[in-house]
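What follows is the residue order along each chain.
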Amino acid sequence: PPMAQEGAACEVLRVWTKPDAGNQFVLQPTWEDPFAWGMLLVDIAGHVARAYAETGAMTEAKARARIHEGFEAEWNHPTTPLDRL
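Residues numbered from 1 in each chain as written. Predicted model: local features only at pLDDT ≥ 70, side-chain atom pairs only at ≥ 80, totals over all residues. Heavy atoms only, no water.

### Let's talk about the packing of helix α1 (residues 35-55) against helix α2 (residues 60-76)
How two helices sit against one another is set out by the angle between their axes and by the gap between those axes.
Piece 1. Where α1 contacts α2, the two axes come as close as 8 Å, and the packing angle between them is 135°. By the angle between their axes, α1 is oblique relative to α2. You can see that α1 and α2 cross each other, and the crossing is right-handed. Residue-level contacts link Ala45, Gly46, Val48, Ala49, Arg50, Tyr52 and Ala53 of α1 to Glu60, Ala63, Arg64 and Ile67 of α2.
Piece 2. Within the contact of α1 with α2, the residues separate by chemical class into 7 nonpolar, 1 polar and 3 charged. (Axes fitted to C-alpha atoms, helices over the stretch in contact; angles between N-to-C directions. Helix = DSSP H or I, 4+ residues; strand = E, 2+ residues; numbered from the N terminus. Parallel < 35°, antiparallel > 145°, perpendicular 65-115°, else oblique. Left-handed = near helix turned anticlockwise from the far one by under 90°. Contact = heavy atoms within 4.5 Å. Nonpolar A, V, L, I, M, F, W, Y, C, P; charged D, E, K, R; others polar.)

### As for the packing of aromatic side chains
Piece 1. Summed over the entire model, instances satisfying the criterion amount to 2 aromatic pairs.
Piece 2. Both rings, one in Trp31 and one in Trp37, keep their centres 5.2 Å apart while their planes meet at 80°; by these two values the pair is edge-to-face.
Piece 3. Classification of Trp31 as partly exposed rests on a relative accessible area of 36%.
Piece 4. Where Phe71 meets Trp75, the ring centres are 5.6 Å apart and the plane angle is 20°; that geometry is what we call stacked. (Phe/Tyr/Trp six-rings, centres within 6.5 Å; stacked < 30°, edge-to-face > 60°. Buried < 20%, exposed > 50% of the residue type's maximum accessible area, 1.4 Å probe, protein only.)

### Section: the confidence of the model for the protein chain
Piece 1. Mean pLDDT over the protein chain stands at 91; residues scoring 70 or higher make up 95%.
Piece 2. Averaged pLDDT values over the elements of the protein chain bottom out at 88 in strand β2 (residues 22-27) and peak at 97 in α1. (pLDDT = per-residue confidence, 0-100.)

### So, the pattern of salt bridges
Two side chains of opposite charge can pair, provided their charged atoms sit close to one another.
Piece 1. For the coordinates displayed, the defined rule picks out 3 salt bridges.
Piece 2. Here Arg14 ties to Glu11 by a salt bridge, and the two come within 3.0 Å at their closest N and O atoms.
Piece 3. For Glu11, a relative accessible area of 49% translates into the label partly exposed. (Salt bridge = Lys/Arg side-chain N within 4 Å of Asp/Glu carboxyl O.)

### A word on the environment of Thr55
Piece 1. Mapping Thr55 onto the fold places it in helix α1.
Piece 2. Put simply, Thr55 and Glu32 are 23 residues apart on the chain and 37 Å apart in space, counted from C-alpha to C-alpha.
Piece 3. Within polar-contact distance, the side chain of Thr55 engages the backbone oxygen of Tyr52 at 2.7 Å.
Piece 4. A distance of 3.2 Å separates a polar atom in the side chain of Thr55 from the backbone nitrogen of Ala57. (Polar contact = N/O pair within 3.5 Å; in protein donor to acceptor, adjacent residues only side chain to side chain.)

As structure tokens, this is what we get:
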């Protein structure tokens, strides 16, 4: 991306996924306050919702709602024990 060409930019998150195998992450904590990660995750959710809407799969609002439902489900009942993350 254009920002990556600038000197002060840095990559903070990379995610790989495989059916029935979970996810793998490479991340840099980057910010002193994890509050910034909450903001980033919401920004990512917005981009994902927009992408679903652009494919015609569902409206952006419906996609956002489903993302939120998935977030709450995983937050309340993690599918991967936190000590394995």
